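Spelled out from the first residue to the last, the chains are:
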Amino acid sequence: VTDDADSGTAMAAALAELVRDLGDALLGADDGLDRFTEPARGRGGPALAVVRPRDVAEVRRAVQWARRHRVHLLPQGAVSGLVGASTPPVDGPPVVVLSTEQLVDGLVVDPVDRTAVVPAGLRLSALECALAPHGLTFPIDLGADPTIGGMVATNTGGARMLRHGDVRRRVLGVQAVVADDAVSVVDDLSTLRKDNTGPDVSGLFVGSAGSLGIVTRVALDLERRPAHSATALVSLSGDEAALDALLVVERVAGERLSALEVLSAPAVDAARSVLDGIDPLGGRPASTTMLVELVGSADVDDALLGVLAALDEGARGSGVEAAVVPPARAWALRHAITEGLRRRGTVLGLDVSVPRPALPTFLAEARAAVAATDGSAEVADFGHWADGGVHCNVVWPDPHQPDPEVVTSCRDAVFAIAVERYRGSWSAEHGVGPHNADWWRRTTPPEVAAAVRGLRSLFDPLRVLGHPDLPW
Ligand SMILES: Cc1cc2nc3c(=O)[nH]c(=O)nc-3n(C[C@H](O)[C@H](O)[C@H](O)COP(=O)(O)OP(=O)(O)OC[C@H]3O[C@@H](n4cnc5c(N)ncnc54)[C@H](O)[C@@H]3O)c2cc1C
């Protein structure tokens, strides 16, 4: 047991050693650390320092230091994660952030193999710029610009998961620095698609929330960029109609279907409020809206018209209001929702999935449960319905400020309906962090929890990696 003065002196000595060892790569409290401590949503706490290694050797030195002094080292990419796992806790043990923003050198693209080996700190947008001249894409698409390492650590899904899968499906190999006694570099950077030589060690780092190792490089399976795409926005009478429409779209569009999103009326309203006069819905009143994207050859526009005709026919004379909209405009509406909701007030982002037939009843029950918990809150849901996923956002319009207990009650109510009534998931795609850690403890079978904790003991026996409030 040490008293505060002793531990303060020990920490000052530890930081002095970090400055000596990694000074060139270090930012201290005087350097303005806000962008490393403010999360995409909610509040973050202070960082003792931010270390920005430039290569694997510097990553190893940072991990060695963290082990020596038993200080939490929090890997961080673009801070776009939505479960509170990438910024230090408000109240908690001291944390040094390891930002990968300088881990960006050495991208290798092999256009013939249709693969790339990518440094972990590279942003998705930078990777796409490098792939475009080769006619290639990393087909995970979302309304943020994360790093590739962060995408691996959270197993990002995104709007085109329906067609291309999540990050897990695209990762061929991973290089990571782990915090075992040797501070080993696990180098499993194969670019082979067919390599069935034992358990998938690279796969262990996918979705590990920075707790098993610091991902330094990733080998990715790429796709050819689609030659043509076409999008439509379809106004529907409600969630039941959206489920019917989903089936029609899948049947008629077949393998051309690339994305299918459903946006509730409050989500559409929020998006419109930030689009500065551009209205992809051409003035139609906000209602349940489906975004449909088809990709393929030059006949894709005709194929989309065929889908819209089938939807109209399926509506049995009641008519479906639909319009072909340029892809950039349709996606601008979809991607403006987050900012629109943020400007409206306080947002609790709940990312759940249920079996697709349950989507309408789940949403009706979730909205009722939120209204019963706090009459000033509204649900503005939207999401990747074709995958059974929905971002069930609870919004308290300004000036309402929910008490923390009310936030917890809303979260628990929505998760309970998804998990206990519909055998759904409390984290469809955002991964695990302090915001949903209790639900991991509550719902993970003991044998699975023991396996995850065993992996942690193997790769990080002193528990220095990742957010201190991770549940394993
Ligand atoms: C507007 C918006 C839209 C979004 N839409 C989607 C969506 O459709 N689908 C979806 O799945 N997600 C979505 N997200 C969530 C988010 O973008 C992902 O979780 C993202 O991939 C995280 O990447 P990052 O670089 O920002 O990581 P960070 O937020 O910095 O970190 C996230 C986690 O990864 C760990 N980590 C980061 N880098 C490394 C590394 N190199 N090694 C080990 N651990 C690391 C961190 O410790 C933390 O646990 C959205 C976010 C926003 C803000």
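See above for the structure.
Per chain, residue numbering runs from 1 following the sequence as it is written. For a predicted model such as this one, the threshold for reporting local features is a pLDDT of at least 70, and the threshold for listing and counting side-chain atom pairs is 80 or more; totals across whole chains, interfaces and linings nevertheless cover every residue. Side-chain calculation: all heavy atoms of the structure are included, whereas hydrogens and water are not.

Considerations on the packing of aromatic side chains
A pair of Phe, Tyr and Trp rings is counted when the ring centres sit within 6.5 Å of each other, with Trp represented by its six-membered ring. The angle between the planes then sorts it: under 30 degrees is stacked, over 60 is edge-to-face, the rest tilted. Overall, the coordinates contain 4 aromatic pairs when judged by the stated rule. Geometrically, the ring pair formed by tryptophan 440 and tryptophan 472 is edge-to-face, given 5.3 Å between the ring centres and 65° between the ring planes. Here tryptophan 440, found in helix 16 (residues 437-443), pairs with tryptophan 472, found in the segment after helix 17 (446-459); they are 32 residues apart in sequence, far enough to count as distant. Whether a residue is buried, partly exposed or exposed follows from its accessible area with a 1.4 Å probe, protein chains only, as a fraction of its type maximum: under 20%, in between, or over 50%, in that order. With relative accessibility at 8%, the residue tryptophan 440 sits in the buried group. Note on tryptophan 472: relative accessible area 6%, which makes it buried. Put simply, DSSP marks the helices as runs of H or I at least four residues long and the strands as runs of E at least two long, and each gets a number from the N terminus on.

A look at helix 3 (residues 56-69)
Every helix has an expected span of 1.5 Å times one less than the residues it contains. In this model helix 3 runs 20 Å from its N-terminal to its C-terminal C-alpha over 14 residues, within 8% of the 20 Å that 1.5 Å per residue would give. Where helix 3 is concerned, the buried positions are Glu58, Val59, Ala62, Val63, Trp65, Ala66 and Arg67. Any N or O atom pair separated by 3.5 Å or less is treated as a polar contact, with the protein-specific requirement of one donor-capable and one acceptor-capable atom, and with residues adjacent in sequence counted only for side-chain atom pairs. Capping the start of helix 3, aspartate 55 holds a side-chain oxygen 3.3 Å from the backbone nitrogen of alanine 57, two or three residues further along. Downstream of helix 3 by one or two residues, arginine 70 has phi in the positive range, about 55°.

What to know about the state of the cysteines
Throughout, disulfides are identified as pairs of cysteine sulfur atoms within 2.5 Å of each other. Under the criterion given, the structure shown has 0 disulfides. Left without a disulfide partner, cysteine 410 is nearest to the cysteine sulfur of cysteine 392, which lies 10 Å away. Exposure remark for cysteine 410: the relative accessible area of 0% places this residue in the buried category.

Comments concerning the sheet that holds strand 1 (residues 26-28)
Note: two strands are recorded as paired if DSSP finds a minimum of 2 bridges between them. On the basis of which strands lie adjacent, the open sheet formed by 4 strands has the order 1-2-4-3 and mixed pairing. Unpaired on one side and paired on the other, strand 1 and strand 3 (72-76) mark the two borders of the sheet. Within the sheet, the average angular offset between the axes of one strand and its neighbour, ignoring direction, is 25°. A fitted line through C-alpha atoms serves as each axis, taken over the contacting stretch for helices, and the angle formed by two N-to-C directions is quoted from 0 to 180°.

Some points on unusual backbone geometry
With an omega of 5°, the peptide bond between aspartate 398 and proline 399 qualifies as cis. Turning to its location among the elements, proline 399 is positioned in the loop between strand 19 (389-397) and helix 15 (404-421). Non-glycine residue arginine 70 carries a positive phi angle of around 55°. Tracing the backbone through its elements, the reader meets arginine 70 in the loop between helix 3 and strand 3. Judged by relative accessible area, which is 55%, arginine 70 ranks as exposed. Located in the positive-phi region is valine 183, a residue other than glycine, with phi close to 45°. With respect to the secondary-structure elements, valine 183 resides in the loop between strand 8 (171-177) and strand 9 (185-188). When its relative accessible area of 2% is taken as the criterion, valine 183 is described as buried.

A look at the pattern of salt bridges
By salt bridge we mean one thing: a side-chain nitrogen of Lys or Arg within 4 Å of a carboxyl oxygen of Asp or Glu. Per the stated rule, a full pass over the model turns up 27 salt bridges. Residue arginine 256 is joined to aspartate 299 by a salt bridge in which the shortest nitrogen-to-oxygen separation is 3.0 Å. With a gap of 43 residues between them, arginine 256 in the loop between helix 9 (239-253) and strand 13 (257-263) and aspartate 299 in the loop between strand 14 (288-296) and helix 11 (300-314) connect regions that are remote in the sequence. Across the pair glutamate 365 and arginine 421 runs a salt bridge whose closest N-O atoms are separated by 2.6 Å. Placement of the pair is glutamate 365 in helix 14 (residues 359-373) and arginine 421 in helix 15, with a sequence separation of 56 residues. Look at glutamate 365 and you get partly exposed, because its relative accessible area is 25%. Among the residues examined, arginine 421 registers a relative accessible area of 54% and is labelled exposed. Residues joined in a network through salt bridges with shared partners are Arg114, Arg170, Arg193, Asp221 and Glu223.

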